[in-house]
Amino acid sequence: GRELRLRAPGGFQRRNFALARTPAEAFLGALAPALVKRVAATLPIPGRLEQRPEHLATFVDAAHNPDGAAALAEALPALSDGRRVGACLAILADKDAGAMVRALAPALQRAVCTELPASALEGHGRPGARSRPATELLGACEEAGLAAEAEPDLEAALRRGAELAAADPEGLLLVAGSHYAIAPARAALVDYRASESDGVGAIGRDGRLVDAAHMRLAENVLHRASLAAEDGTGAAQDGTGEGASGG
């Protein structure tokens, strides 16, 4: 419901969380409202509007198809709160980059077009996959009316994006376009540090105290169910499913 405050920003994350409650309750039984509120307020969704702790103006998102890009664009105005939003975009060659850029363009002020490192693709079992060239992404941005520049090296593109975001007036930097951009971007921006559960108990459906281990299990189930919602059943809600080829 609207009274729930989610740590994960974006309307698509709220829809995914609502979907995730169904399998979580099927596995654990009816969840105590206090537990649901606590999980909603503390559960991060890695790779989905993930705010980088070492640079709070930078967000990483796995949006890798047109529907996912549209869901991301829908979330950006509330997230930016009037600030400029620039993006580092890296997209696989077999994705509809033109449609993705067209979906994102209205929510962006500028883009740095870059490429996925070959090592990132090989390291995740995609040795035959190719990144779309940065120059082709630049062309897609120009066709969509989005100011852009090309920088094939991902780390250099991130530095350039950070420079643009830091310019007056200060804006946000978004890294998006592929799952395979997430790990290299995190490494360049400093390793991700996830928050730990504080171990506070809650009351279960039978009135017994739910200990920290049970709460972590509930969080894990909700997290996995939320990601599954994006990968399959959630596609009808927010269009972020990966599809057979991943992203």
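This text follows the structure it describes.
As the structure is a prediction and not an experimental result, all values here were calculated from the model.

Undergrad: I keep staring at the packing of helix α1 (residues 11-28) against helix α3 (residues 66-80) and nothing clicks. Help me out?
TA: Describing two packed helices takes the angle between their axes plus the distance from one axis to the other. As a packed pair, α1 and α3 sit with axes 7 Å apart at the nearest point and diverge in direction by 115 degrees. On α3, the residues touching G11, F12 and R15 of α1 are A71, L72, E74 and A75. Residues belonging to the contact of α1 with α3 are distributed by class as follows: 4 nonpolar, 1 polar and 2 charged.

Undergrad: Please clarify how the pairing of strand β3 (residues 85-89) should be interpreted in this entry.
TA: When a strand is regular, its side chains alternate between the sheet's two faces. Counting buried residues in β3 gives 5 out of 5 residues, a clear majority hidden from the surface. Taking every second residue as pointing to the same face, both faces of β3 are buried, with V85, A87 and L89 on one and G86 and C88 on the other. Pairing of β3 with strand β6 (residues 172-176), which is carried by 5 bridges, proceeds in the parallel orientation. In the strand pairing of β6, L89 is matched with A176. Of the pairings in the sheet, the one linking β3 to strand β4 (residues 110-113) comprises 4 bridges and is parallel in character.

Undergrad: What exactly am I supposed to notice about the packing of helix α7 (residues 154-166) against helix α8 (residues 182-189) here?
TA: At a minimum axis separation of 10 Å, α7 and α8 run at an interaxial angle of 60 degrees. Judged by the angle between their axes, α7 and α8 are oblique. Between α7 and α8 lies a crossing of right-handed hand. Contacts between α7 and α8 involve L154, E155 and L158 from the first element and P184, A185 and A188 from the second. Broken down by class, the residue content of the contact of α7 with α8 amounts to 5 nonpolar, no polar and 1 charged.

Parameters and conventions
- Residues numbered from 1 in each chain as written.
- Predicted model: local features only at pLDDT ≥ 70, side-chain atom pairs only at ≥ 80, totals over all residues.
- Heavy atoms only, no water.
- Axes fitted to C-alpha atoms, helices over the stretch in contact; angles between N-to-C directions.
- Helix = DSSP H or I, 4+ residues; strand = E, 2+ residues; numbered from the N terminus.
- Contact = heavy atoms within 4.5 Å.
- Nonpolar A, V, L, I, M, F, W, Y, C, P; charged D, E, K, R; others polar.
- Buried < 20%, exposed > 50% of the residue type's maximum accessible area, 1.4 Å probe, protein only.
- Pairing = 2+ DSSP bridges.
- Parallel < 35°, antiparallel > 145°, perpendicular 65-115°, else oblique.
- Left-handed = near helix turned anticlockwise from the far one by under 90°.

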